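Each chain, written out:
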Amino acid sequence: EKYPGGITQSGYSKDIVVDEAFVISVPENLHVAAATPLLCAGITCYSPFKKHGVKAGDKIGVIGLGGLGHMAVKIGAAMGCDVTVLTTSAAK
């Protein structure tokens, strides 16, 4: 059965249906708009940090301070890293 459990609803529900063991729930006290960047840009940055064993005290470089760069800086700092941003924009 393509849609186990019956009717599915929402944006991608006709294309993507997963078992609840592979999803997370957003805590009631965390606004969805605040959680969204963590689930997208956050995991995009956090995953390679973990893969390469980044830890407190490590020096990391972030190229650009856009959406991903901003999240990489926040995560790196939260992990206790010495973070340097490389950018061509003096305003940032």
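In what follows, the structure referred to is the one given above.
Residues numbered from 1 in each chain as written. Predicted model: local features only at pLDDT ≥ 70, side-chain atom pairs only at ≥ 80, totals over all residues. Heavy atoms only, no water.

Participant: Report on the packing of helix 1 (residues 32-51) against helix 2 (residues 67-78), specifying residues and quantitative values.
Facilitator: With their axes 9 Å apart at the nearest point, helix 1 and helix 2 run at an angle of 65 degrees to one another. In the crossing of helix 1 with helix 2, the sense of the turn from one axis to the other is right-handed. Side by side, helix 1 and helix 2 meet where P37, L38, A41, G42, T44, C45, Y46 and F49 of the first sit next to G67, L68, M71, A72, I75 and G76 of the second. Across the contact of helix 1 with helix 2, the residue classes break down as 10 nonpolar, four polar and no charged. (Axes fitted to C-alpha atoms, helices over the stretch in contact; angles between N-to-C directions. Helix = DSSP H or I, 4+ residues; strand = E, 2+ residues; numbered from the N terminus. Left-handed = near helix turned anticlockwise from the far one by under 90°. Contact = heavy atoms within 4.5 Å. Nonpolar A, V, L, I, M, F, W, Y, C, P; charged D, E, K, R; others polar.)

Participant: Pulling in residues and values, what's your account of helix 1?
Facilitator: With 20 residues, helix 1 extends 27 Å between its outermost C-alpha atoms, agreeing within 8% with the 28 Å of an ideal straight helix rising 1.5 Å per residue. Considering bend angle alone, the principal kink of helix 1 is centred on G42 and spans about 50 degrees. Buried positions along helix 1 lie against strand 1 (59-63) and helix 2. Directly beyond the C-terminal end of helix 1, a positive phi value near 70 degrees is found at G53. (Expected span 1.5 Å × (residues − 1). Bend = angle between axes of the 7 residues up to and from the residue.)

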